[in-house]
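Structural overview
Now for the letters of each chain:
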Amino acid sequence: MLVSPSLPTLADAADAETALPVSLDTFLAGIGPRAFRFAEAGLRQRDDALDAVQDAMLRMLAYRDKPAGEWSPLFWSILRRRVVDLQRRRGFRLQFWRSSDELAGDHDIDWADPGPGPAQAHEQRDQYAALVKALRGLPARQREAFTLRVLQQLDGATTAAAMGCSEGAVKTHLSRARQALQQHLEIEL
């Protein structure tokens, strides 16, 4: 019996989009910008965020032999722990070494690309600054759940694995984060 090649279907196209990366290098190259935004939101400093992402990527090299399906939750878990470690260290150091002048100032995020127009760029910066300010006011677990689920668009199982909790806990943290953000942003606007 002769089997003729079939035409690609929508299911084949969907499978191609969700295909696992061929190598760890490809995976890391694709996840880098999202990981940086996640780390920057948690650490509030560009250099620290770059260090955290680089360290997480280096640690992932030890897991090169793991199946590609395990890389995403493993990477996000490593990065989340690195961000938490840096936050703790910074808090400890700042408690003893920060001057009174530095306590009054707030560290702003650098804006590398102003966008197409000055008015739109200004509005986007204001909106992003309000979101970052609101995120900083959330408890750490709520901020992590919101960032991973909404901003990084990870699914519930991957987020739960990265945070080291159940999917139900992720839903609870996410719900509380959304409610707090909505209240905070309504007050700001």
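Note: the structure precedes this text.
Since this is a predicted model, take the numbers as computed values, not measurements.

Here we look at the pattern of salt bridges
Taken as a whole and judged by the stated rule, the model has six salt bridges. Across the pair glutamate 144 and arginine 141 runs a salt bridge, and its minimum N-O distance is 3.5 Å. Residue glutamate 144 and its partner arginine 141 are located together in helix 7 (residues 140–151), separated by three residues, close to a single helical turn. Linked through salt bridges whose partners overlap, the residues forming this network are Asp55, Arg59 and Arg82.

Details of the packing of helix 7 against helix 8 (residues 156–163)
Packing of helix 7 against helix 8 brings their axes to within 10 Å, and their N-to-C directions diverge by 140 degrees. By the angle between their axes, helix 7 is oblique relative to helix 8. Here helix 7 and helix 8 pass one another in a crossing that is right-handed. Residues Arg141, Glu144, Ala145, Leu148 and Arg149 of helix 7 form the contact with helix 8, whose own contacting residues are Gly156, Thr159, Ala162 and Met163.

Some points on the packing of aromatic side chains
Under the criterion given, the structure shown has four aromatic pairs. Aromatic side chains phenylalanine 27 and tryptophan 71 sit 5.8 Å apart centroid to centroid with 50 degrees between the ring planes, which places their arrangement in the tilted category. Placement of the pair is phenylalanine 27 in helix 2 (residues 24–43) and tryptophan 71 in helix 4 (residues 71–97), with a sequence separation of 44 residues. For tryptophan 71, a relative accessible area of 4% puts it in the buried group. Consider the rings of phenylalanine 27 and phenylalanine 75, whose centres lie 6.1 Å apart with planes at 85 degrees: the pair is edge-to-face. Placement of the pair is phenylalanine 27 in helix 2 and phenylalanine 75 in helix 4, with a sequence separation of 48 residues. A relative accessible area of 0% means that phenylalanine 75 is categorised as buried. Of the aromatic side chains, those joined through ring pairs into one cluster are Phe27, Phe38, Trp71, Phe75 and Trp76.

Rules behind the numbers
Residues numbered from 1 in each chain as written. Predicted model: local features only at pLDDT ≥ 70, side-chain atom pairs only at ≥ 80, totals over all residues. Heavy atoms only, no water. Salt bridge = Lys/Arg side-chain N within 4 Å of Asp/Glu carboxyl O. Helix = DSSP H or I, 4+ residues; strand = E, 2+ residues; numbered from the N terminus. Axes fitted to C-alpha atoms, helices over the stretch in contact; angles between N-to-C directions. Parallel < 35°, antiparallel > 145°, perpendicular 65-115°, else oblique. Left-handed = near helix turned anticlockwise from the far one by under 90°. Contact = heavy atoms within 4.5 Å. Phe/Tyr/Trp six-rings, centres within 6.5 Å; stacked < 30°, edge-to-face > 60°. Buried < 20%, exposed > 50% of the residue type's maximum accessible area, 1.4 Å probe, protein only.

Geometric descriptors of this kind do not, in isolation, establish any biological role.
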